Amino acid sequence: QSTRSAFYVQLGSFDAHGDNSLGGWTGQLLSDTSAALQCFVNDMKTQAIWNDVTIVSSSEFGRTLTSNGQGTDHAWGGNHFLIGGSISGGKIHGTYPD
């Protein structure tokens, strides 16, 4: 048993250019990510350790929020999330662009 552990997983191919719709390739990747996270969360809850777990997303890649007519362009940042049994969620940090 450890007092602190870190685990790393990776999923690529989000650079889908014009296929950023939820019905396209990006949607499939997000669906796969959601299913994997749900399995992990369920397992942590079964083990009664969910309140001691924090999941952090990270990426060096981002997309613009507005369309260029055929998708979105590369950008300087992206969306990230924190999930955990002790996380007080439901908040957006920073300023949402107009």
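Every value quoted in this text rests on a predicted model; they were computed, and no experiment measured them.

## Considering the overall build of the protein
Along the protein, the regular secondary structure elements total one helix and four strands. Secondary structure elements in the protein, listed N-terminal to C-terminal, are α-β-β-β-β. Pairs at least 24 residues apart make up 42% of the contacts formed inside the protein by residues separated by at least 6 positions.

## Observations concerning unusual backbone geometry
Within the chain, alanine 48 stands out as a residue other than glycine whose phi angle is a positive 60°. With respect to the helices and strands, the residue alanine 48 is situated in the loop between helix H1 (25-46) and strand S1 (54-56).

## Regarding the confidence of the model for the protein
On average, residues of the protein score 83 in pLDDT, and 88% of them reach the 70 mark or higher. Within the protein, the element-level pLDDT minimum falls on strand S2 (residues 62-63), averaging 74, and the maximum on S1, averaging 94.

## Observations concerning the layout of surface pockets
Summary: where empty space remains is shown by rolling a probe the size of a single water molecule over the atoms. In this structure, the second largest pocket occupies an estimated 170 Å³ of space. Lining the second largest pocket are His80, Phe81, Leu82, Ile87, Ser88, Gly89, Gly90, Lys91 and His93. When the residues that make up the lining of the second largest pocket are grouped by side-chain class, the tally is three nonpolar, five polar and one charged.

## A short note on the environment of glutamine 47
Mapped onto the elements of the fold, glutamine 47 is located in the loop between H1 and S1. There is a polar contact of 3.0 Å between the side chain of glutamine 47 and the side chain of aspartate 43.

## Some remarks on the nonpolar core
Membership of the largest hydrophobic core is limited to five residues, which are Val41, Met44, Trp50, Val53 and Ile55. Apart from residues no more than four positions distant in its own chain, tryptophan 50 is found in contact with Val41, Met44, Lys45, Ile55, Ile83, Gly84 and Gly85.

## Remarks on a nonpolar patch on the surface
Judged by side-chain polarity, Val56, Leu82 and Ile87 come together as a nonpolar surface patch covering roughly 270 Å² of accessible area. Checked against the element boundaries, isoleucine 87 lands in the segment after strand S4 (82-84). You can call isoleucine 87 partly exposed: its relative accessible area is 34%.

## As for H1
For H1, spanning 22 residues, the distance from its first C-alpha to its last is 32 Å, which sits close to the expected 32 Å at 1.5 Å a residue. Of all the positions in H1, only Thr26, Gly27, Leu29, Val41 and Met44 are classed as buried. End-on, the buried residues of H1 take up no more than an arc of 155°, which puts them together on one face. Exposed and oriented more than 90 degrees from the buried face of H1 are Cys39 and Thr46. Where H1 is buried, its residues touch S1. Alanine 48 lies just past H1 and shows a positive phi near 60°.

What counts, and where the lines are drawn
Once a new chain begins, its residue numbering starts again from 1 and follows that chain's sequence as written. Two thresholds apply to this predicted model, a pLDDT of at least 70 for residue-level local features and 80 or more for giving and counting side-chain atom pairs, whereas whole-chain, interface and lining totals are computed over all residues. Note: side-chain values were computed over all heavy atoms of the structure, leaving out hydrogens and water. Helix and strand definitions follow DSSP, with helices as H or I runs of at least four residues and strands as E runs of at least two, each counted in order from the N terminus. Here, two residues are considered to be in contact whenever any of their heavy atoms come within 4.5 Å of each other. What pLDDT reports is the predictor's confidence in each residue, on a scale of 0 through 100. Points on a 1 Å grid over protein atoms alone make up a cavity when a 1.4 Å probe fits among them but cannot get out, and a pocket when they form an open set with protein on both sides within 12 Å along at least five of seven lines; lining residues each have an atom within 4 Å of a point. Grid points are joined across faces, edges and corners, and a volume is the space filled by probe spheres set on the points. For this classification, the nonpolar set comprises Ala, Val, Leu, Ile, Met, Phe, Trp, Tyr, Cys and Pro, the charged set comprises Asp, Glu, Lys and Arg, and every other residue, Gly included, is treated as polar. Within 3.5 Å is the distance limit for a polar contact, defined as a pair of N or O atoms, with the added protein rule that one can donate a hydrogen and the other accept it, and that residues adjacent in sequence qualify only through two side-chain atoms. Nonpolar cores were defined as sets of buried Ala, Val, Leu, Ile, Met, Phe, Trp, Tyr and Cys residues, with membership established by side-chain atoms within 4.5 Å. Exposure is judged per residue with a 1.4 Å probe applied to protein chains only, and the accessible area is read against the type maximum: over 50% gives exposed, under 20% gives buried, and values in between give partly exposed. Note on patches: the residues involved have over 30% relative accessible area and no salt bridge, like charges join within 9 Å, and the nonpolar side chains Val, Leu, Ile, Met, Phe, Trp and Tyr join within 5 Å. What sets the accessible areas is the Shrake-Rupley method with a 1.4 Å probe; for residues, cover comes only from the shown protein chains. Salt bridges are counted wherever a side-chain nitrogen of Lys or Arg sits within 4 Å of a carboxyl oxygen of Asp or Glu. Between the first and last residue of a helix there are one fewer steps than residues, each counted as 1.5 Å, and that sum is the expected span. For this quantity, the arc is that covered by the directions from the helix axis to the C-beta atoms.

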